[in-house]
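Residues per chain, in single letters:
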Amino acid sequence: MRIVTHQTTLAAILGIAFLAGCGQKGSEQLLLNGAGATFPYPIYSKWSFEYRKVDPTVSINYQSIGSGGGQKSIQDGTVDFGASDGPMSDENLAKAPGKILHIPTVAGADVVTYNLPGNPTLQLDGPAIAGIFLGKITKWNDAAIAAQNPGTRLPGTDIAVVHRSDGSGTTFIFVDYLSSVSKEWERSVGRDTAVKWPVGQGAKGNEGVTEQVKQMPGAIGYVELVYAVQQKLPFASVKNAAGKYVAPSIESVTAALATAKIPEDFRFSMVNAPGEKSYPIAGTTWLLVYQKQSNPVKGKKLVEFLKWAETAGQAMAPPLNYVPLPDDLSKRVLKEIDSITY
Amino acid sequence: MNAAAVSGKTGSRAGLALAAPGKAGDRVFRLLTWLMAMVVLVLLALVGWTLCKGSALSLSKFGWHFFVHSNWDPVNGDYGAFWFIYCTFVSSCLALLIALPLSLGTAVYLTELAPGWVRQPAMSMIEMLAAIPSVVLGVWGIFVLVPWLREGPYPLLVKHFGFLPVLRGPTTGFCILSAAIIIAIMILPIITSIAREVFRAVPDSQREAAFALGATRWEVTRLAVLRYSVRGLFGAAMLGLGRALGETMAVTMVIGNSDKISTFLLAPGNTLASKMAAEYGETPLGLHLSALFELGLMLLLVTVATNILARLLIGAMGARQPTGTGAP
Amino acid sequence: MNHWYHRWRKLKSSGVSGLCLLCALAVMTPLALVFFHLLKAGASSLDLAFLTQLPTPPAEPGGGMANAIVGSATLLGLAGLVGIPVGVLGGIYLSEFGARRRNWAVRFAADILNGTPSIVWGIVVYALVVGYSAYAAGLALGFMMIPLIIRATEEMMALVPNSYREAAFALGIPHWRIVLNIVLKTAGKGIITGILLAAARVTGETAPLLFTAFGNDLWNRNLSQPIEALPLKIFNYALSPYDDRHRQAWAGALVLIIFVLALNIGVRVMTRGRAPRLAR
């Protein structure tokens, strides 16, 4: 009796396991694997979900592991497309076995979010933000912050800085901005997808930083706009190059994007953009694909998806607080996608 | 001719292998099972070799500098593991400090003091604790333990003991001490199990003799049981330590993931294991990957060393090993 | 003789007894708390949708962990493919054949491998197998099962009395048949118990999956592609900022712990304490 029970249990468990594995091999589905930035994860995830309805034979699996991971994954070909909001350096591009194209998809904002009682909307300028992240400004009621926020009661608690622990394009955009407003930052820390942070604790992905800020009173961090909005976290209005305090929004990012000069290879920066309405900590995010696709079947499907993303997909951006690309840029991008061979 | 000479073996069942030589089926079967047993040795060699080969680049580049220097900079290619070694050591020792007395007390209770009907169910409950997957404990840690620690105990700790340098500063709750607490929870079952086995190995005659001399319950335990078991208890502690060192998931979720050096116990940190876990999704290459392998190699060596030490200490007692099934 | 010193000794003894009781309660408290919170936060989310649906994009409520549950089952199957034959046959060798020295070496190696942190397994397989795939993850878990099953098998086989073997030899039955049909069959229940315990242990592992499985928001249709697993998804969701995903993480944790504990308790009840000693 007992032997039967044991054997049956084991057989049942392993049997289910095998069947599960085998059963899934049934239908002919093409899987496109992508990995990279957490910045656009909400919209890429949405696209992946919606595209299944457009083309049921294609599944897109996107893992948000950080721009650094995205760049490396496409470099060694472990994914079909990478994603990053920090442009790949010439050095890294040279290391890849083929030419990698930067395909901009949407633009977004890095917001400075924090956990303070009453969820006030703070006004901060570049030097103040740099001071906080350099560890020079350690308390919330520091003069530098209080001066810009006369009406707000700031507690005397310590500022708990949260930054990214993984390679991140969100970080890139943020430190790119800090480097342009603070000589000290540029000198001591610099700009890259992963830097040596003077203070603070690390969290993985935009998700991790949002989670940390949400959980810890007195915390401050930088995340993509949609994360703060979805979690109902407050964020700061930042002083732009024209001297105005601007809140991050679709309008302010669009204004910044409009002033950007975009070169042939689509790698550009739009931090500290000129213009009264521009939000200074904004950037675009790219999909990284090889110009010469090695697998014709996958290549064709990938191109179809990219084209869909640049056209129909753009409409899904605003509800998620991302800025769709302006028409003239879109046209240039579509031409670039056409250059992909498979 | 004796069986051992015929079969050429000295194993426990050598004498029974009289019919073995000459039968094809036997030879095939023996070969097959021998191969499978060798797989274990091959596996061990494979693990060691992979880690060594993987760390070679990092070892040659940094040498012993790797162990005294603290940095993790994939951008500039500079790595040093001192902080991780420090955090691993501190969190594990703290965990042991917390868990050992509790485990010993529990083991004493279960073997000496508890009424008979309580013993087995209580032990089963404790073994259930061992079966909880680390990630589940981590989830509980993030959403229940850490917020509670941050609101209650930690501010009190800082308020009353803040004069100590290790307890001075702001805390977010995700820190080395929280990691130590969660590790302690994970190693409680294993230390309790082994301590219990060690105590059970003490013959009752010892206890009876002590009672006969008029000792109280506690004195019996102290004189007859504890004194006899010291070595085995050291082994139990070592085993707990070994498990604590390798603990990954729950630690990653509550330790705060920071590479910044600090002496403050309530500051975030990173152990060897949690740093490796934090690299999830990074697709490390080249020197970065090599440094990661070196962390793994260190972790393996230190875990193996403590396990061997534990075995030596417990083996000497002839105590049984428990049926723990934890998942680190 | 109610000398104050005697009273003091008695007091000490009671005090220590009380302390030990407190210790025992303290040790069991986390278990109770974990369960309490799991049930409180997870039970309400554990509905049919959770068990049968795929994950939705972040911040969109609903969806489930169906692919993670099936993924875990798949990985368990793959791991079993690797771990069970090697473990059982290796255990047979240790118990039935083998020289003492060689046996000691194998046992020693098995114990060391058992004590290896699971993240090391993950990184070793990452170095050996190219790319993130179900195969890689299954291999890592299978490697972890081998030392566990080998020890369990050896132990259970050793419990079979020698008289069985002797009687069979006396009847002229070939050795290999004796081992398979008589000894193995007798020890079978215990060995299966060991396998089930190893399966429970390995299902709960997350660290080896970090560098091998990668995760997948969809059904895995090809074993050489990334795959999702329950502990991995729980880990991801717990670290995300979305409350809905936190809720699902609790539910997933509840599913996981029910599975693991059901196996553990079930096995113990059925063997009434004669379960094999897996390593620590």
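Reading the values: rules and limits
Residues numbered from 1 in each chain as written. Chains lettered and ligands numbered in written order. Predicted model: local features only at pLDDT ≥ 70, side-chain atom pairs only at ≥ 80, totals over all residues. Helix = DSSP H or I, 4+ residues; strand = E, 2+ residues; numbered from the N terminus. Buried ≥ 20, exposed ≤ 12 C-beta atoms within 10 Å, placed from the backbone. Contact = placed C-beta atoms within 7 Å. Rg over C-alpha atoms; globule rule 2.2 N^0.38 Å. Pairing = 2+ DSSP bridges. Nonpolar A, V, L, I, M, F, W, Y, C, P; charged D, E, K, R; others polar. Expected span 1.5 Å × (residues − 1). Bend = angle between axes of the 7 residues up to and from the residue. Core = buried A, V, L, I, M, F, W, Y, C linked by C-beta atoms within 7 Å. pLDDT = per-residue confidence, 0-100. Axes fitted to C-alpha atoms, helices over the stretch in contact; angles between N-to-C directions. Parallel < 35°, antiparallel > 145°, perpendicular 65-115°, else oblique. Left-handed = near helix turned anticlockwise from the far one by under 90°.

Overview of the overall build of chain B
What chain B contains, in helices and strands, is 13 helices and 2 strands. Looking at chain B as a whole, 57% of its 328 residues qualify as buried. Counting only contacts in chain B whose residues sit at least 6 apart along the sequence, the fraction spanning at least 24 positions is 75%.

Re the overall build of chain A
Along the backbone of chain A there are 13 helices and 12 strands. Compactness check: chain A gives a C-alpha radius of gyration of 22 Å against a globular reference of 20 Å for 342 residues, within 12% of the reference. Along the first, second and third principal axes, the C-alpha atoms of chain A reach 75 × 60 × 35 Å. Residues counted as buried form 53% of the 342 residues belonging to chain A.

Points about the pairing of strand E11 (residues 282–290) of chain A
Residues and elements named next belong to chain A. Summarising burial for E11: 9 of the 9 residues are buried, a large majority. A two-sided burial pattern is seen for E11, the buried positions comprising Ala 282, Thr 284, Trp 286, Leu 288 and Tyr 290 on one face and Gly 283, Thr 285, Leu 287 and Val 289 on the other. Judged from the 9 bridges that link them, strand E4 (residues 100–114) and E11 form a sheet pairing that is antiparallel. Directly across from Ala 109, in E11, lies its bridge partner Ala 282.

Here we look at the interface of chain C and chain B
Taken together, the contact between chain C and chain B spans 83 residues of the former and 90 residues of the latter. Element by element, the count of residues in the side of chain C that touches chain B is highest for helix H1 (residues 4–42) of chain C, at 18 residues. Classifying every residue of the side of chain C that touches chain B gives 56 nonpolar, 14 polar and 13 charged.

A word on helix H8 (residues 175–203) of chain C
All names here are of chain C. For H8, with 29 residues, the first-to-last C-alpha span of 36 Å runs short of the 42 Å given by 1.5 Å per residue. Roughly 60° is the biggest bend found in H8, and it falls at Gly 188. Most of H8 is tucked away: 21 of the 29 residues are buried.

Looking at the sheet that holds strand E9 (residues 237–239) of chain A
Residues and elements named next belong to chain A. Spatial strand order, E5-E9-E10: 3 strands in an open sheet with mixed pairing. With partners counted over all chains shown, the strands left at the sheet margins are strand E5 (123–124) and strand E10 (245–246), one partner each. In terms of strand pairing, E9 meets E10 through 2 bridges, oriented antiparallel. Bridging from a neighbouring strand, Val 238 pairs with Val 246 of E10.

Comments concerning the pairing of E4(A)
Residue and element names in this part refer to chain A. E4 sits mainly inside the fold: 14 of its 15 residues count as buried. Relative to strand E12 (residues 323–324), E4 runs antiparallel, the two sharing 2 bridges. Residue pairing across strands places Val 106 opposite Pro 324, the latter belonging to E12. One ladder, built from 5 bridges, connects E4 with strand E8 (residues 219–224); its direction is antiparallel. By the bridge assignment for E8, Val 112 is matched with Tyr 222.

Side note on the environment of A:Ala247
Residues and elements named next belong to chain A. Note that Ala 247 resides in the loop between E10 and helix H11 (250–258). You can call Ala 247 partly exposed: it has 16 C-beta atoms within 10 Å. Residues Ala 247 and Ala 94, spaced 153 residues apart in sequence, show a C-alpha to C-alpha distance of 38 Å. Discounting chain neighbours no more than four positions away, the residues touching Ala 247 are Ser 237 and Ser 252.

Observations regarding the nonpolar core
Formed by 207 residues in total, the largest nonpolar core has its most connected members in B:Val40 and B:Ile182. The greatest single-element share of this core, amounting to 18 residues, is contributed by helix H8 (residues 176–201) of chain B. With residues near it in sequence (within four places) discarded, B:Ile182 still touches B:Leu137, B:Gly141, B:Leu145, B:Ala250, B:Val251 and B:Val254. Membership of the second largest hydrophobic core comes to 90 residues, among which are A:Tyr51, A:Ala83, A:Phe172 and A:Trp197.

Some remarks on unusual backbone geometry
Negative phi is the rule for most residues except glycine; trans is the rule for most peptide bonds. We note that A:Asn272 has phi near 50°; this positive angle belongs to a residue other than glycine. Among the structural elements, A:Asn272 can be located in the loop between H11 and E11. Exposure remark for A:Asn272: the 21 C-beta atoms within 10 Å place this residue in the buried category. Phi at B:Asn257 is positive, roughly 50°, even though this residue is not glycine.

A word on the environment of A:Asn61
Looking at the secondary structure, you find A:Asn61 in strand E2 (residues 58–64). Excluding anything up to four places from it in sequence, A:Asn61 contacts A:Leu31, A:Asn33, C:Asn216, C:Asp217, C:Leu218 and C:Pro226.

Things to note about the confidence of the model for chain A
Residue and element names in this part refer to chain A. Taken over all residues, the pLDDT of chain A has a mean of 86, while the share at 70 or more is 93%. No element of chain A has a lower mean pLDDT than helix H1 (residues 2–23), which averages 61, and none a higher one than E8, which averages 94. Within the model, the stretch residues 23–27 combines pLDDT values under 50 with 5 contacts to residues more than four positions away or in other chains.

Thoughts on the packing of helix H3 (residues 66–96) of chain C against helix H6 (residues 134–158) of chain C
All names here are of chain C. Interaxial distance between H3 and H6 falls to 6 Å at its minimum, and their mutual angle equals 30°. Relative to H6, H3 is oriented roughly parallel. Once H3 is placed against H6, the crossing between them reads as right-handed. Residue classes in the contact of H3 with H6 are distributed as 22 nonpolar, 9 polar and 2 charged.

Considering the packing of H8(C) against helix H11 (residues 243–271) of chain C
Any two packed helices are characterised by how steeply their axes cross, that is the angle between the axes, and by the distance between the axes. Residues and elements named next belong to chain C. At a minimum axis distance of 9 Å, the contact between H8 and H11 shows a crossing angle of 160°. In terms of axis orientation, H8 runs roughly antiparallel to H11. In this structure, H8 crosses over H11, and the sense of that crossing is left-handed. Contact residues: H8 offers Gly 190, Thr 193, Leu 196, Leu 197, Ala 199, Ala 200 and Thr 203, while H11 offers Phe 259, Val 260, Leu 263, Asn 264, Val 267 and Thr 271. Residue classes in the contact of H8 with H11 are distributed as 8 nonpolar, 5 polar and no charged.

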